[in-house]
Amino acid sequence: MASAPLVRGFGAGAAFAYRKGVRISVERFLADASRLAAALPDRNYLLNLCSDRYHFAVGFAAALLRRQVNLLPPNETPDLIERLVSQYPGVHCLSDRATGFGSLETMIFP
């Protein structure tokens with residue numbers, strides 16, 4: 001797994017995000033991203049369909065750590081998803097909900 005400076009310029013314990021009223025530190029974000037990166041399949045492309053903003057950010061960072069290309073479609077229509085699957089061999093999906101795209105290997109955000 002590659003290492004990259006995902007976040008810099010913040011002191012120890014600095015807030016990265018707030019989710020459901022709970023403060024998430026930069027350290028927790030980096031730990032979450034590293035943990036997810038280790039769980040991602042060894043592929044070249046990640047289709048990030050997380051609707052929760054924090055999940056999306058963690059998924060984006062995890063793909064960067066794994067040197068996977070983040071595919072960020074403007075919508076989730078079945079036609080567009082099928083085109084992405086055909087254009088990007090081995091693409092896998094990260095989502096925080098059931099997607100219903102049977103032809104696409106999907107990992108539900110842990």
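Because the structure is a prediction, the values reported are computed rather than measured. (Residues numbered from 1 in each chain as written. Predicted model: local features only at pLDDT ≥ 70, side-chain atom pairs only at ≥ 80, totals over all residues. Heavy atoms only, no water.)

Asks: Go over the side chain of Asp52, please, and point to the residues and values.
Replies: For Asp52, the location among the structural elements is in the loop between strand S3 (45-48) and helix H2 (53-65). We classify Asp52 as buried; its relative accessible area is 18%. Side-chain polar atoms of Asp52 contact the backbone nitrogen of Tyr54, separated by 2.9 Å. If we ignore the near neighbours within four places in the chain, the residues touching Asp52 are Arg19 and Asp96. (Helix = DSSP H or I, 4+ residues; strand = E, 2+ residues; numbered from the N terminus. Buried < 20%, exposed > 50% of the residue type's maximum accessible area, 1.4 Å probe, protein only. Polar contact = N/O pair within 3.5 Å; in protein donor to acceptor, adjacent residues only side chain to side chain. Contact = heavy atoms within 4.5 Å.)

Asks: Provide a residue-level description of the environment of Leu46, including the pertinent values.
Replies: Along the chain, Leu46 falls in strand S3. A relative accessible area of 0% places Leu46 in the buried class. In this structure the C-alpha to C-alpha distance between Leu46 and Ala33, which are 13 residues apart in sequence, comes to 14 Å. Excluding residues that lie within four positions of it along the chain, Leu46 makes contacts with Gly59, Ala63, Gln68, Val69, Asn70, Leu71, Val91, His92, Cys93 and Leu94.

Asks: I'd like to hear about the pairing of strand S1 (residues 15-19), residue by residue, with values.
Replies: Bridge count between S1 and strand S2 (residues 22-25): four bridges; the pairing is antiparallel. Bridge pairing links Arg19 to Val22 in S2. Between S1 and S2, which pair antiparallel and follow one another directly, the connecting turn spans two residues, one of which, Lys20, has a positive phi of 55°. (Pairing = 2+ DSSP bridges.)

Asks: Quick rundown of the pattern of salt bridges? Include the residues and the values.
Replies: In this structure the tally under the stated criterion is eight salt bridges. Here Asp79 makes a salt bridge to Arg83, at a shortest N to O gap of 3.2 Å. Of this pair, Asp79 and Arg83 both sit in helix H3 (residues 78-87), separated by four residues, roughly a single helical turn. According to the relative accessible area criterion, Arg83 is partly exposed, its value standing at 41%. Salt bridges sharing partners connect three or more residues here, namely Arg28, Asp32 and Arg35. (Salt bridge = Lys/Arg side-chain N within 4 Å of Asp/Glu carboxyl O.)

Asks: Can you explain a nonpolar patch on the surface? Please cite residues and give values.
Replies: Taken together, the side chains of Phe60, Leu64 and Leu72 define a hydrophobic patch exposed on the protein surface, amounting to about 250 Å² of accessible area. Its relative accessible area of 46% is what places Leu72 among the partly exposed residues. (Patch = residues over 30% accessible without salt bridge, like charges linked within 9 Å, V, L, I, M, F, W, Y side chains within 5 Å. Areas by Shrake-Rupley, 256 points an atom, 1.4 Å probe, with all protein chains shown as cover.)

Asks: How would you explain the packing of aromatic side chains if you had to name every residue and give the values?
Replies: Going through the model one piece at a time under the given rule, you end up with four aromatic pairs. Judged by centre distance (4.9 Å) and plane angle (65°), the rings of Tyr45 and Tyr88 are edge-to-face. On the criterion of sequence distance, the pair formed by Tyr45 in strand S3 and Tyr88 in the loop between H3 and strand S5 (92-95) is long-range, its members being 43 residues apart. Exposure remark for Tyr88: the relative accessible area of 25% places this residue in the partly exposed category. (Phe/Tyr/Trp six-rings, centres within 6.5 Å; stacked < 30°, edge-to-face > 60°.)

Asks: Kindly report on unusual backbone geometry, identifying the contributing residues and their values.
Replies: Located in the positive-phi region is Lys20, a residue other than glycine, with phi close to 55°. By the element assignment, Lys20 lies in the loop between S1 and S2. According to the relative accessible area criterion, Lys20 is exposed, its value standing at 73%. A positive phi is found at Arg67, a non-glycine position, where the angle reads about 60°. You can see Arg67 is positioned in the loop between H2 and strand S4 (69-71).

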